[in-house]
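Residue strings, one per chain:
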Amino acid sequence: MFVKVCGLSTPDSVRAAVDAGAHAVGFVLTPSPRQVSAEQARALLAEVPVEVAAVGVFRHESIAEAAELAEEAGLSWIQLHGERTPQEVDALQERGFSVIRAVRMDDPDRVFADWGEELLLVDASIPGSGESWDYASVRERGLDSRRWLLAGGLDAGNVASAAEAAQAWGVDVSSGVESSRGVKDLGKIRAFVAAALGE
Ligand SMILES: O=C(O)c1ccccc1N[C@@H]1O[C@H](COP(=O)(O)O)[C@@H](O)[C@H]1O
């Protein structure tokens, strides 16, 4: 099970995720209670070993803005929310980025098609809201042979059953490892990663 922990903004939360065994960590560079600047993300990157994917999360930004900010931060992965096109994914890959393309669980089937992104992320309607949804319903989308992450309302208590219900390749979390909005809880991060990894 691939595990990503998102919305990290302090060195100790990055270390907690990495030490627990997360495969990816996310830095939100778009307006959010978890937003960090490119400069802050660059400093946090010092805590991330090369084998762990460091991801910049973008929602309202153009492709050019996202690429510029990610380059400034030194991030090689971009997570792209919002209405996007296959050409935008191509443009980021041509610029050297690996792409996580976020779709909403209620998007039409065509949005779930394979656009060549490295990972698809299937999230609730409002990203980062902690809103859970009917995880089993994603099985109708035909993602069996794809590399994709389940997100939205996950926490240490439900991640194993949610991943099983959805037959997820990987999982992503933000709200479920916080003590209050935007404030990560190190114990919850460790418990989430352990539960996702079946430890
Ligand atoms: O976490 C945010 O604030 C955020 C803002 C804008 C786009 C994506 C964001 N986070 C993503 O949302 C899900 C986590 O949702 P939840 O809080 O666990 O329910 C995950 O994919 C984050 O990468």
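About the thresholds
- Residues numbered from 1 in each chain as written.
- Predicted model: local features only at pLDDT ≥ 70, side-chain atom pairs only at ≥ 80, totals over all residues.
- Near = placed C-beta within 6 Å.
- Helix = DSSP H or I, 4+ residues; strand = E, 2+ residues; numbered from the N terminus.
- Nonpolar A, V, L, I, M, F, W, Y, C, P; charged D, E, K, R; others polar.
- pLDDT = per-residue confidence, 0-100.
- Axes fitted to C-alpha atoms, helices over the stretch in contact; angles between N-to-C directions.
- Parallel < 35°, antiparallel > 145°, perpendicular 65-115°, else oblique.
- Left-handed = near helix turned anticlockwise from the far one by under 90°.
- Contact = placed C-beta atoms within 7 Å.
- Buried ≥ 20, exposed ≤ 12 C-beta atoms within 10 Å, placed from the backbone.
- Pairing = 2+ DSSP bridges.

Visitor: Just checking my understanding: could you explain the site of the ligand for this structure?
Guide: Surveying the vicinity of the ligand reveals 27 residues, the closest of which are Cys6, Ser32, Pro127, Gly128 and Ser175. Counting residues per element, the ones that place at least two in the shell around the ligand are β2 (24-28), β6 (119-123) and β8 (170-173). A class-by-class count of the residues in the shell around the ligand yields nine nonpolar, 14 polar and four charged.

Visitor: Sorry, what's going on with the confidence of the model for the chain here?
Guide: Keep in mind that low pLDDT regions are not for reading the predicted coordinates in detail. With 100% of its residues at a pLDDT of 70 or more, the chain shows a mean pLDDT of 96. With pTM at 0.96, the complex prediction returns an ipTM value of 0.97.

Visitor: Whenever I open this one, the packing of helix α1 (residues 11-20) against helix α6 (residues 186-196) confuses me. Can you help?
Guide: Helices that pack against each other are described as a pair by the angle of their axes relative to one another and the distance between those axes. Relative orientation of the contacting elements α1 and α6 amounts to 20°, with a least axis distance of 9 Å. Taken together, the axis directions place α1 and α6 in an arrangement best described as roughly parallel. As for the relative orientation of α1 and α6, their crossing is right-handed in sense. Of the residues in α6, those touching α1 at Asp12, Ser13, Ala16, Ala17 and Ala20 are Leu186, Ile189, Arg190, Val193 and Ala194. Across the contact of α1 with α6, the residue classes tally to seven nonpolar, one polar and two charged.

Visitor: What am I meant to see in the pairing of β2 here?
Guide: Residues in a regular strand point their side chains to alternate faces of the sheet. Most of β2 is tucked away: five of the five residues are buried. Burial along β2 is two-sided: Ala24, Gly26 and Val28 facing one way and Val25 and Phe27 facing the other are all buried. Here two bridges tie strand β1 (residues 2-5) to β2, and the two strands are oriented parallel to one another. In the strand pairing of β2, Lys4 is matched with Ala24.

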